[in-house]
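# Structure at a glance
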Amino acid sequence: MATVDTLRNNLIDKLLTISNKEYLQALNQLVEKSAVDNDVVNLTKEQILMLQLSDKDIEANRLISQEQLDKNDLEWLRGK
């Protein structure tokens, strides 16, 4: 699957070839109306609690590396 940067660059390349003003205006409106930067994400009480617990884990240095997590997952999947 393409990365965000690859997708963005491909879109830019295609946009540069479009000369139809109405088409470009329609695309511009679509992009402006779907901008996610202004969206507010409302978290549930449970999600906020989980984030607070995560912060406490980080402060207490209760961390695990991705490598160790993957190893633990494999062991669990194998029934150990």
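Notes on the structure in this doc start here. Predicted, not measured: the structure shown is a model, and the values here were computed from it.

Looking now at the overall build of the chain. Per the secondary structure count, the chain includes 4 helices and 0 strands. Against the 2.2 N^0.38 benchmark of 12 Å for 80 residues, the chain shows a C-alpha radius of gyration of 22 Å, more extended than a compact globule. Taken along its principal axes, the extent of the C-alpha atoms in the chain is 60 × 30 × 25 Å. Split into buried and exposed, the 80 residues of the chain put 0% on the buried side. Summed over its atoms, the accessible surface of the chain is roughly 8,100 Å², and 56% of this surface lies on carbon and sulfur atoms. Positive and negative side-chain charges of the chain, numbering 10 and 14 respectively, have mean locations separated by a distance of 3 Å.

Now for helix 4 (residues 66–77). End to end, helix 4 covers 16 Å across 12 residues, agreeing with the expected 16 Å (1.5 Å per residue, within 8%). Two residues or fewer past helix 4, G79 is found with a positive phi of approximately 85°.

Cut-offs applied
- Residues numbered from 1 in each chain as written.
- Predicted model: local features only at pLDDT ≥ 70, side-chain atom pairs only at ≥ 80, totals over all residues.
- Heavy atoms only, no water.
- Helix = DSSP H or I, 4+ residues; strand = E, 2+ residues; numbered from the N terminus.
- Rg over C-alpha atoms; globule rule 2.2 N^0.38 Å.
- Buried < 20%, exposed > 50% of the residue type's maximum accessible area, 1.4 Å probe, protein only.
- Areas by Shrake-Rupley, 256 points an atom, 1.4 Å probe, with all protein chains shown as cover.
- Lys, Arg positive; Asp, Glu negative; His and termini not counted.
- Charge placed at Lys NZ, Arg CZ, Asp CG, Glu CD.
- Expected span 1.5 Å × (residues − 1).

Worth remembering: the numbers are spatial, not functional.
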